[in-house]
Amino acid sequence: MASELYNTIDALSREKGIDPQIVVNAVEDAIVVATRKYYKSQENLRAELDKDTGKISAFAVKTVVENPEQVEDPNLQVTVDDARKIDPTVEAGGELRIPKATEGILGRIAAQLAKQVIFQKVREAERDTVYNEYIGRVNEIVNATVKRVEGPDVIFDIGKAESRMPRKEQSRLESFAMGERVRVVIVRVEKASKGPQVVVSRAAPELVQHLFQTEVPEIYDGTVVIRAIAREAGERTKIAVMSKDKDVDAVGACVGMKGMRVQSIIRELRGEKIDIIEYHEDAVTFAEKALQPAKVSRVTVLDPTDKHLEVVVDDSQLSLAIGKKGQNVRLAAKLLGWKIDIKSEEEKRQEVEQQMSALVSNAATPLEDVPGLGEGLVEKLSAAGITTVEALADMTPEQLEAIEGIGPKTVEKISLAVNNYFSSLEGGEVAAEGETPVEGESAAEAPVEGEASGEAPELAAQAEAGIDGETDEAAPSEGGDGVEAAALEDTAEIAPETGATEEEEVEPGKTPAEQGE
């Protein structure tokens, strides 16, 4: 029959939910500590509890060796000869147990020390039991009773332990009364100095999922599947559902007849809004559904790798799509797992216009890149604020003549150079400086493209100098313009085969001036 002490230990074990042997070991360790403190000994002490009598015996345990030379520590080792004086049956390599008297000599201080050790061991065992019980139940829904409120935290009784709900895990719509029973989610179990701490939540998405599984039979039996949940506790929840049976409407099953099923869940969540959305594999279609109740004009995938979407809505729908403090688009992005840029039609139009104007500005060609415009002419045009070919092409002859230092002949040269430049762009290639002109090219075009070439250098130089240096005041006489025009008209055409002018083929020994005479 078990002793009264062992029965007390057994009752304590059942109350704390721990193994009775753990409490027995705690009592034995406490006796060892008290005995060592009383005897002030460094011996290897051990204690044993007799379950039938309730008596606790203490021993000094020593290892038996063959001869005195092997004894390194007298407190831990003893020779065979000395050991057999106490226990004749002992052999070398065994253990000798030397009894230590404990009854009537340990006293009040030793008893207090033993009590502290027992309590400490029991608390440690209780902590380990609670931790092992709940660490495997994370994300599980449990029924809890409100025990007390400590500042912003609410303390619940969840059976074998107390749990804590911090402020960030609470819904702003909820308040609790003492003794109230609610359903909570175990979010984590923490090991603390005061014991394991179970943290529960009413803001976790798992709570909404559990409520739908409870209220909707189609979800419980697997016909309707919850694919994603995005929640801001106390405000709004978006839940995406999909039906595995083509004859079952996933959204209708969750809503229920006249909204009875979803209304029951809303009451449990103290009036939190719930959007039930049909799930789609296509991100574009899913995004349109997720942004409800706003109507989406179009959705564009910007980057499928980084999961980036651009959503355009009508100007009147922008505030509805964004939601209060960005809540609607934030929940939709969390539900999809994509980044969402949301814009109105007007914002998109302005963005396109900016991109087009940026393309136009990037396509502008500086005047220096146009063959046929001399450095002096480019400087005059730049001084007048004309720096690109596009700006020059938009000007009328009257506007060009209004620029100081530019006359009608210079206007003709500018027109010719600009026309040649755009013609070369339309042809798909730009003639390089000094390139042989195409057969059939007019005589007036040849010197413009070939003015820097080595052929007829004097004539080309004269033609450029006469045009670039022309001003309305500097024209000497009518004959000057006639000479200048004649010089342009008399320019020889370059032969395609040799690159020589016609005069050079007839009289290669004479200069161009002598041939003119």
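Quick caveat, the model's predicted, so the values are computed rather than measured.

The sheet built from five strands closes into a barrel, its strands ordered β5-β6-β7-β9-β8 with mixed pairing. Within this sheet the neighbouring strands show an average axis-to-axis angle of 50°, counted without direction. Pairing between strand β7 (residues 162–165) and strand β9 (residues 195–201): two bridges, direction parallel. What sits directly across from R164, in β9, is V199.

Turning to the environment of K62, a few remarks are in order. Within the fold, K62 resides in strand β2 (residues 56–65). With a relative accessible area of 14%, K62 lands in the buried category. Between the alpha carbons of K62 and I98 there is a distance of 8.1 Å; along the sequence they are 36 residues apart. Apart from residues lying up to four places away in sequence, K62 is in contact with E43, P74, N75, L76, Q77, V78, G94, E95, L96 and I98.

Here the amide bond leading from Q292 into P293 is cis, since omega sits at 10°, within 30 degrees of zero. Tracing the backbone shows P293 in the loop between α9 (283–290) and β13 (296–303). The phi angle at K325 is positive, at roughly 55°, despite the residue not being glycine.

Quick look at the pairing of strand β5 (residues 141–150) now. In terms of strand pairing, β5 meets strand β8 (residues 181–192) through five bridges, oriented antiparallel. Along β8, the bridge assignment pairs N143 with R183. Where β5 and strand β6 (residues 153–157) come together, five bridges link them in antiparallel fashion. Bridged to V149 within β6 is V154. Taking the residues that link successive antiparallel strands as the turn, the β5-β6 hairpin has two residues, and the phi of G151 there is positive, at about 65°.

Moving on, we get to the confidence of the model for the protein chain. Across the protein chain, the average pLDDT comes to 76, with 79% of residues at or above 70. The low-confidence segment residues 429–517, where pLDDT is below 50, has 62 contacts with residues more than four positions distant or belonging to other chains.

On to the pattern of salt bridges. One pass over the structure, following the stated rule, counts 29 salt bridges. A salt bridge links E140 to R137; the nearest nitrogen and oxygen atoms lie 3.1 Å apart. Its salt-bridge partner being R349, residue E353 comes within 2.5 Å of it at the nearest N-O pair. One end of the pair, E353, and the other, R349, are both in helix α12 (residues 345–362), four residues apart, so they sit about a helical turn from each other. On the basis of relative accessible area, E353 is assigned to the partly exposed category, the value being 44%. Residue class for R349 comes out partly exposed when judged on its relative accessible area of 39%.

Basis of the calculations
Residues numbered from 1 in each chain as written. Predicted model: local features only at pLDDT ≥ 70, side-chain atom pairs only at ≥ 80, totals over all residues. Heavy atoms only, no water. Pairing = 2+ DSSP bridges. Helix = DSSP H or I, 4+ residues; strand = E, 2+ residues; numbered from the N terminus. Axes fitted to C-alpha atoms, helices over the stretch in contact; angles between N-to-C directions. Buried < 20%, exposed > 50% of the residue type's maximum accessible area, 1.4 Å probe, protein only. Contact = heavy atoms within 4.5 Å. pLDDT = per-residue confidence, 0-100. Salt bridge = Lys/Arg side-chain N within 4 Å of Asp/Glu carboxyl O.

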